[in-house]
Amino acid sequence: MLIRKDASLLLIIDVQERLAPAMDNPREVINNCAALIGVAKRLEIPFIITEQYPKGLGQTMVDLRQKAGDDACYYEKLEFACGCNSGIFTQIKKCGKKQIIIAGIETHICVLQTALHLHELGYEVFVVANACSSRKPIQNIMALQRLMRNGVDVVTSEMVFFEWLEKAGSDIFKEISRQYII
């Protein structure tokens, strides 16, 4: 199935100051998460940003906070699966979207548990591989494989952008291509 902008909710998981630098290839994850937020904002696609225990792990990375803007909401959690946090799950339901596009860290913990849980609840879940990471590459690889085996689509940021855009030639396509297509 294709990702449709009118059916999409972007979920950015735990890309935080004391956690992100410990990931394998953190700059790729941060850049791609920021690009996903930027394109979602431009296309008016709702997004949610979560923070795992921010007192210990810090705020969301500044790159993402700047891209999200001053009106963005950040949802604190202790649960690994975002859908198990009542505040986050209420917000997901409130958005009324059936496709959840997930990016963030760590792939084998919070991303995996969130994706599998939401998939079990009937959502169409897409995990953005080049916007996710774990501390060790093997953890990331095994998580992505497990997600695919369990019916979660694993995609790239460019797949998301082009599916949201649907066609070339428009001014918005040109703008997003210039600014975000890597």
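It should be noted that the structure appears before, not after, this text.
Residues numbered from 1 in each chain as written. Predicted model: local features only at pLDDT ≥ 70, side-chain atom pairs only at ≥ 80, totals over all residues. Heavy atoms only, no water.

Where do I start with the nonpolar core in this structure?
Grouped burial of nonpolar side chains is what soluble globular proteins tend to show. Core analysis: the largest hydrophobic core is formed by 37 residues, its most contacted members being Ile12, Val15 and Trp164. Among the elements of the structure, strand 1 (8-13), helix 1 (26-42), helix 3 (62-68), strand 4 (99-105), strand 5 (124-133), helix 7 (157-165) and helix 8 (171-180) are those that each provide at least two residues to this core. Among the elements that line this core, the one with the most residues is helix 1, at 9 residues. Ignoring sequence-local partners within four residues, the contact set of isoleucine 12 consists of Cys33, Ile37, Ile48, Ile49, Thr50, Leu64 and Ala103. (Core = buried A, V, L, I, M, F, W, Y, C linked by side-chain atoms within 4.5 Å. Buried < 20%, exposed > 50% of the residue type's maximum accessible area, 1.4 Å probe, protein only. Helix = DSSP H or I, 4+ residues; strand = E, 2+ residues; numbered from the N terminus. Contact = heavy atoms within 4.5 Å.)

How do you make sense of the layout of surface pockets when you look at a structure like this?
Where empty space is left can be seen by rolling a probe of water-molecule size over the atoms. Looking at the largest pocket, its volume works out to about 180 Å³. Lys41, Phe47, Ile48, Ala68, Asp71, Ala72, Cys73, Tyr75 and Gln91 together form the lining of the largest pocket. When its residues are assigned to classes, the lining of the largest pocket shows 6 nonpolar, 1 polar and 2 charged. (1 Å grid on protein atoms, 1.4 Å probe; cavity = no way out; pocket = protein on both sides within 12 Å on 5 of 7 lines; lining within 4 Å. Points joined across faces, edges and corners; volume = space filled by probe spheres on them. Nonpolar A, V, L, I, M, F, W, Y, C, P; charged D, E, K, R; others polar.)

How do you make sense of helix 4 (residues 86-95) when you look at a structure like this?
One turn of the α-helix equals 3.6 residues, which is why residues spaced by three or four share an orientation. All of the buried residues along helix 4 are Ile88, Phe89 and Ile92. For helix 4, the arc enclosing every buried residue in end-on projection is 95°, short of the 170-degree limit, so these residues lie on one face. Residues Ser86 and Lys94 are exposed on helix 4 and point more than 90 degrees away from its buried face. In this structure, the buried residues of helix 4 make contact with strand 1, strand 2 (47-52), strand 3 (74-77), strand 4 and helix 5 (107-120). Just beyond helix 4, the residue with positive phi is glycine 96, at close to 70°. (Arc of directions from axis to C-beta.)

Just to check I follow, could you spell out the sheet that holds strand 1 for this structure?
One key point about sheets: their strands pair by backbone hydrogen bonds, in either a parallel or an antiparallel sense. Spatially, 3-2-1-4-5-6 is the arrangement adopted by the 6 strands of the open sheet, whose pairing is parallel. With partners counted over all chains shown, the strands left at the sheet margins are strand 3 and strand 6 (153-155), one partner each. The mean inter-strand angle of the sheet, taken between neighbouring strand axes irrespective of direction, is 25°. Along the sheet face, helix 1 touches strand 1, strand 2, strand 4 and strand 5 and points at about 135° away from the line of strand 5. Against the sheet, helix 7 makes contact with strand 1, strand 4, strand 5 and strand 6, and its axis sits at roughly 135° relative to strand 5, the strand it touches most. (Pairing = 2+ DSSP bridges. Axes fitted to C-alpha atoms, helices over the stretch in contact; angles between N-to-C directions.)

Where do I start with helix 7 in this structure?
All of the buried residues along helix 7 are Ser157, Val160, Phe161, Glu163, Trp164 and Leu165. Buried residues belonging to helix 7 abut strand 1, helix 1, strand 4, strand 5, strand 6 and helix 8. Once helix 7 ends, the next one or two residues include glutamate 166, with phi positive near 70°.

How should the environment of serine 177 be read in this particular structure?
Here serine 177 shows up in helix 8. When the C-alpha positions of serine 177 and glycine 83 are compared, they lie 32 Å apart, and in sequence the two are 94 residues distant.

Teacher, can you tell me more about the pairing of strand 1 here?
Each regular strand displays side chains that alternate between the two surfaces of the sheet. When you tally the buried positions in strand 1, you get 6 out of 6 residues, the bulk of the element. Every second residue of strand 1 is oriented toward a common face, with Ser8, Leu10 and Ile12 on one face and Leu9, Leu11 and Ile13 on the other, all of them buried. Here 6 bridges tie strand 1 to strand 4, and the two strands are oriented parallel to one another. Note that in strand 4 the partner of leucine 11 across the bridge is isoleucine 102. Of the pairings in the sheet, the one linking strand 1 to strand 2 comprises 4 bridges and is parallel in character. Across the sheet, leucine 10 pairs through a bridge with phenylalanine 47, a residue of strand 2. Handedness of the crossover is the feature at issue here: the chain leaves strand 1, passes through helix 1, returns alongside strand 2, and the resulting connection is right-handed. (Right-handed = clockwise from strand over helix to strand, strands pointing away.)

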